[in-house]
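Below, each chain spelled out in residue letters.
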Amino acid sequence: MLASQPIAVPLDPAARADLAAMAEDTIAKGSRSFAAAARLFDAETRRSAMMLYAWCRHCDDTIDDQVLGFARRPLGTLGSGAERLALLETETLAALRGEPTSHPSFRAVADVVARHGLPQELLLQHLEGYRMDVEERHYATVTDTLTYCYHVAGVVGVMMSMVMGAKDETTLDRASDLGIAFQLTNIARDIVEDARVGRVYLPAEWLADADLKPGDLADPRQRPVVSLVANRLIDLAEPYYASAFHGLRELPPRSAWAVATAHGVYREIGMQVKGLGAHAWDARVSTGRRQKLGHVARGAAKAALARRGGPAGRSEALWTRPRLTGPAR
């Protein structure tokens, strides 16, 4: 049964400023792509978006025993994966009750919840994505993979949309679509790196179609075939990116600009993976500073174009996020 929503209290301005500075440092080191887009938000939205990101980053690092997604801590310093996950849930809920926690990111997310009325259920849905990793879930079908994408990224899109002030169901669906598209792109880019540590997010049915076994994904001799499966992921992401574009019109202008910029940056990563073929994993695919600046300029145009168009129906063929079981605030 879903626990009742704790009543989080907004932080005072000085404490919030300190946590926002921590979050900005985290985002600058942990995700240059998101950092580039986040600069376009208005000041208040930017603070909350970064503070939410800091909590997501801390959760990810805790589960993976990493620091900012890169350097690994000594093995076993944080206990088993299940113990780490339990601690994340315990401390997240404690922060929502105003209780002391071990890391500032918990206080940061509690402030975001208080200011923007985020349902506790959304935070727990995100933690469920880490449970999938801890339990080494098997993804038999495309639906299984999309469900994972929702929990680790789609629900973050939903929370970000609420931070931006857009809370109607249709807009939240499109925000989820963007997060799912981002994660499909990430999976394609990181297929080989993930396989090396035993993580496979590709649908087993796709591997069977390609006559691949999970252990083949890290084998350099299999790169031409792996690239074909990666292309299927990039193609799968396209209708989710398209759906997300139509959600831009419901966001405040600066938020729409920021989201449109992120939309372009992440989509380009997927296009690079597809274009490089078997060489996509010779080095980590990313976008450079000049490319990001180009997407900043194009993002403004995309946001304006989305506003000029009328409402577009969302395809019924797209996987749709689960509806909340508790009341939104």
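Here we summarise the structure given alongside this text.

Reading the values: rules and limits
- Residues numbered from 1 in each chain as written.
- Predicted model: local features only at pLDDT ≥ 70, side-chain atom pairs only at ≥ 80, totals over all residues.
- Heavy atoms only, no water.
- Helix = DSSP H or I, 4+ residues; strand = E, 2+ residues; numbered from the N terminus.
- Rg over C-alpha atoms; globule rule 2.2 N^0.38 Å.
- Buried < 20%, exposed > 50% of the residue type's maximum accessible area, 1.4 Å probe, protein only.
- Contact = heavy atoms within 4.5 Å.
- Salt bridge = Lys/Arg side-chain N within 4 Å of Asp/Glu carboxyl O.
- 1 Å grid on protein atoms, 1.4 Å probe; cavity = no way out; pocket = protein on both sides within 12 Å on 5 of 7 lines; lining within 4 Å.
- Points joined across faces, edges and corners; volume = space filled by probe spheres on them.
- Nonpolar A, V, L, I, M, F, W, Y, C, P; charged D, E, K, R; others polar.
- Polar contact = N/O pair within 3.5 Å; in protein donor to acceptor, adjacent residues only side chain to side chain.
- Core = buried A, V, L, I, M, F, W, Y, C linked by side-chain atoms within 4.5 Å.
- Phe/Tyr/Trp six-rings, centres within 6.5 Å; stacked < 30°, edge-to-face > 60°.
- Expected span 1.5 Å × (residues − 1).

Describing the overall build of the protein chain
Argument step 1. What the protein chain contains, in helices and strands, is 13 helices and 2 strands.
Argument step 2. Relative to the compact-globule value of 20 Å for 329 residues, the protein chain shows a C-alpha radius of gyration of 19 Å, a close match.
Argument step 3. For the protein chain, the spread of C-alpha atoms along the three principal axes comes to 55 × 55 × 40 Å.
Argument step 4. When the 329 residues of the protein chain are sorted by exposure, 54% land in the buried category.
Argument step 5. Here the analysis covers contacts within the protein chain between residues at least 6 apart in sequence; of these, 74% occur between residues at least 24 apart.

A closer look at the pattern of salt bridges
Argument step 1. For the structure on display, the rule yields 28 salt bridges.
Argument step 2. The residue Glu-99 makes a salt bridge to Arg-97 at a minimum N-O spacing of 3.0 Å.
Argument step 3. Relative accessible area serves as the criterion here: at 37%, Glu-99 is assigned to the partly exposed category.
Argument step 4. Across the pair Arg-115 and Asp-111 runs a salt bridge whose closest N-O atoms are separated by 2.8 Å.

Looking at the layout of surface pockets
Argument step 1. Estimates place the volume of the second largest pocket at around 160 Å³.
Argument step 2. In terms of lining residues, the second largest pocket is bounded by 13 residues, among which Val-9, Leu-11, Ala-95, Gly-98 and Ala-110 are the most central.
Argument step 3. When contributions to the lining of the second largest pocket are tallied by element, the ones reaching two or more residues are helix H4 (81-96) and helix H5 (104-116).
Argument step 4. If one sorts the elements of the lining of the second largest pocket by residue count, H5 sits on top with 3 residues.
Argument step 5. Across the lining of the second largest pocket, the residue classes break down as 8 nonpolar, 1 polar and 4 charged.

Topic: the side chain of Ser-161
Argument step 1. Among the secondary structure elements, Ser-161 is positioned in helix H7 (residues 142-163).
Argument step 2. At a separation of 2.8 Å, a polar atom in the side chain of Ser-161 contacts the main-chain carbonyl oxygen of Ala-166.
Argument step 3. With sequence-adjacent residues up to four places away left out, Ser-161 is seen in contact with Ala-166, Thr-171, Leu-172, Ala-175 and Leu-251.

Quick word on unusual backbone geometry
Argument step 1. A positive phi angle, near 50°, is found at Glu-136, a position not held by glycine.
Argument step 2. Residue position: Glu-136 is located in the loop between helix H6 (120-134) and H7.

Focus on the nonpolar core
Argument step 1. Residues Trp-55, Leu-184 and Tyr-240 are the most contacted members of the largest nonpolar core, which totals 104 residues.
Argument step 2. Broken down by element, this core gets its largest block of residues, 14 residues, from H7.
Argument step 3. Sequence-distant contacts of Tyr-240, that is, excluding residues within four places in its chain, are made with Leu-146, Asp-177, Leu-178, Ile-180, Ala-181, Leu-184, Leu-318 and Trp-319.

Describing the packing of aromatic side chains
What describes a pair of aromatic rings is the distance from one ring centre to the other and the angle between the planes of the rings.
Argument step 1. The full count for this structure, using the stated rule, is 6 aromatic pairs.
Argument step 2. Consider the rings of Tyr-139 and Tyr-201, whose centres lie 5.9 Å apart with planes at 45°: the pair is tilted. Remark: Tyr-201 occurs in the loop between helix H9 (191-196) and helix H10 (204-209) and Tyr-139 occurs in the loop between H6 and H7; sequence separation between them is 62 residues. One exposure class covers both Tyr-139 and Tyr-201, and it is buried.
Argument step 3. Pairing Tyr-148 with Tyr-201 gives two aromatic rings, centres 4.5 Å apart and planes at 15°, and the pair type is stacked. In this pair, Tyr-148 is assigned in helix H7 and Tyr-201 in the loop between H9 and H10, connecting sequence segments 53 residues apart.
Argument step 4. Cluster of aromatic residues (ring-pair linked, three or more members): Tyr-139, Tyr-148 and Tyr-201.

Points about helix H12 (residues 253-276)
Argument step 1. Its 24 residues place the ends of H12 35 Å apart at the C-alpha level, agreeing with the 34 Å of an ideal helix rising 1.5 Å per residue.
Argument step 2. Positive backbone phi, at 60°, marks Gly-277, one or two positions downstream of H12.

With respect to empty space enclosed by the protein
Argument step 1. All told, the structure shown has 1 cavity of 30 Å³ or more when counted by the stated rule.
Argument step 2. As a volume, the largest cavity reaches approximately 40 Å³.
Argument step 3. Taken together, Ile-187, Ile-191, Asp-194, Ala-195, Arg-199, Val-200, Tyr-201, Leu-202 and Leu-217 make up the lining of the largest cavity.
Argument step 4. Ranked by the residues each element gives to the lining of the largest cavity, the list is headed by H9, at 3 residues.
Argument step 5. The residue inventory of the lining of the largest cavity, partitioned by class, reads 7 nonpolar, no polar and 2 charged.

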